[in-house]
Amino acid sequence: MEATGTDEVEKIKSKFMSAWHNMKYSWVLKTKTYFSRNSPVFLLGKCYHFKTDESGELSTDGSNFDKINTEISGNVEEFRKDFISRIWLTYREEFPQIKGSALTTDCGWGCTLRTGQMLLAQGLMLHFLGRAWVWPDALDIDNSDSESWTAHTVKKLTASFEASLTAEREPKILSNHHQGTLKRNCDDNEMRNEVYHRKIISWFGDSPLAAFGLHQLIEYGKKSGKLAGDWYGPAVVAHILRKAVEEARDPELQGVTVYVAQDCTVYSSDVIDRQCSFMDSGKADTKAVIILVPVRLGGERTNMDYLEFVKGILSLEYCVGIIGGKPKQSYYFAGFQDDSLIYMDPHYCQSFVDVSIKDFPLESFHCPSPKKMSFKKMDPSCTIGFYCRTVQDFEKASEEITKMLKSSSKEKYPLFTFVKGHSRDYDFASSPLHEENDLFSEDEKKRLKRFSTEEFVLL
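Predicted model only: the values in this text are computed from it and were never measured.

Reading guide: rules and limits
- Residues numbered from 1 in each chain as written.
- Predicted model: local features only at pLDDT ≥ 70, side-chain atom pairs only at ≥ 80, totals over all residues.
- Heavy atoms only, no water.
- Buried < 20%, exposed > 50% of the residue type's maximum accessible area, 1.4 Å probe, protein only.
- Helix = DSSP H or I, 4+ residues; strand = E, 2+ residues; numbered from the N terminus.
- Contact = heavy atoms within 4.5 Å.
- Axes fitted to C-alpha atoms, helices over the stretch in contact; angles between N-to-C directions.
- Parallel < 35°, antiparallel > 145°, perpendicular 65-115°, else oblique.
- Left-handed = near helix turned anticlockwise from the far one by under 90°.
- Nonpolar A, V, L, I, M, F, W, Y, C, P; charged D, E, K, R; others polar.
- Pairing = 2+ DSSP bridges.
- Expected span 1.5 Å × (residues − 1).
- Arc of directions from axis to C-beta.

With that settled, the discussion passes to helix H10 (residues 307-314). In terms of residue burial, H10 counts as a mostly covered element, since seven of its eight residues are buried. Among the residues of H10, Leu 307, Phe 309, Val 310, Lys 311, Gly 312, Ile 313 and Leu 314 are the ones counted as buried. Elements that come into contact with the buried residues of H10 comprise strand S9 (319-326), strand S10 (329-337), strand S11 (340-344), strand S14 (381-388) and helix H11 (391-408).

Closest axis-to-axis distance for the helix H3 (residues 111-128)/helix H8 (residues 234-247) pair is 10 Å, and the angle between their directions is 50°. Taken together, H3 and H8 sit at an angle that is classed as oblique. Relative to H8, the crossing made by H3 is right-handed. Of H8, the residues touching H3 (which contributes Thr 112, Leu 113, Gly 116 and Leu 120) are Pro 234, Val 237, Leu 241 and Val 245. Residue composition of the contact of H3 with H8, grouped by class: six nonpolar, two polar and no charged.

With seven of eight residues buried, S9 lies mostly within the body of the structure. Here S9 runs beside S10; their pairing, made up of five bridges, is antiparallel. What sits directly across from Ile 322, in S10, is Phe 333. The hairpin turn running from S9 into S10, its antiparallel successor, is two residues long, and Lys 328 in that turn takes a positive phi close to 65°.

An α-helical segment advances 3.6 residues per turn. Residues three or four places apart therefore align on the same side. Compared with an ideal rise of 1.5 Å per residue, which puts 18 residues at 26 Å, H11 spans 26 Å between its outermost C-alpha atoms and is within 8% of the ideal. For H11, the full list of buried residues reads Val 391, Phe 394, Ala 397, Ser 398, Ile 401, Met 404, Leu 405 and Ser 408. Projected down its long axis, H11 carries its buried residues within an arc of 140°, all on one side. Residues of H11 that are exposed and angled more than 90 degrees away from the buried face: Gln 392, Lys 396, Glu 399, Lys 403, Lys 406 and Ser 407.

What follows is the structure, encoded as structure tokens:
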């Protein structure tokens, strides 16, 4: 009986914490974001121009389209459609209990895992859908939702406590848009794309069986000394994502691998070995690779000398974004305008969605409005991601990024480097592609522990 009482206290505490975080962060989601009409906007390698003869700023929430000409309006809508089509993964609550804990929410501690998920999701979208793909329903998301999330939080909290008092399940507040999904006349390609769109999101579901869900990521994190409820840094998350992809058993995911740079160095032969690992099993195809590079953009604060390089990286279509943020707040950076970064914010606690059911609602996995942050406010600790479909793509990308690193670096040494050969050729212990008995080698454990305890700020 005492244990039951303790559980109830924990549940009520969890509801209070969820409500507090929603009230704390929902004003950020509620406020409009303004973009200059006179500067290009970059989003994961795509460039959008909102230029007009008039000076001033433009909101992307669609509220003032009538004030600008049709051509510019169309460009704004294309940008909004592209942004909304990216997969947005946020805090969730009331999901199945995390193994080894009493937690049923990641509110307040899971933001870096969420931004890591968003980066991986973009890599998988490039792999299965291509950069040109946009969600056909992107502009159907009601922007008023973002205006009323604070009120939504209050309603949800009230409903939660009423349900607690009557021992009933918390009611879900669903939008009208997905209560009756309109049937489309889609051709085969559109239908295939929608299948993959849903499948990618389902891999990030908040259940123990989801390949890249929070539950699985936390299990891999335990190997590096992390537990549910701990802070995770962008470097640790990079290694967790690599292990999650390695251990994924879905046949669709066997054509993708992840490589994490060692000490700011990408060893080309190690990357190509990962891409060619199919050949060991008799298959002719190579794997696509997602390259993750944990870096530090300065000492205590971000060095503004790195701004042009970060902008250059986000201008590449094979960039899958940056896991970064402000101290103790992780954001997924996906673009920029002038000296401001465009990001998606995971700090909003939404209800658990069961992605195993047919036609599960998609709207909570797509962000209705972009946010901007000055580059100088960025925490220096971050992880940069790239996607390369083939070995040739990797070789081309390494040449292009190396040139960018050299041209943008005012320091004696570039932010990171591409080196020919294997890591073992430089007296580093090479990481095995697969280990039967332990997910992390001793060398990796030491490296992860160092990332957790050294000067890297845990976001």
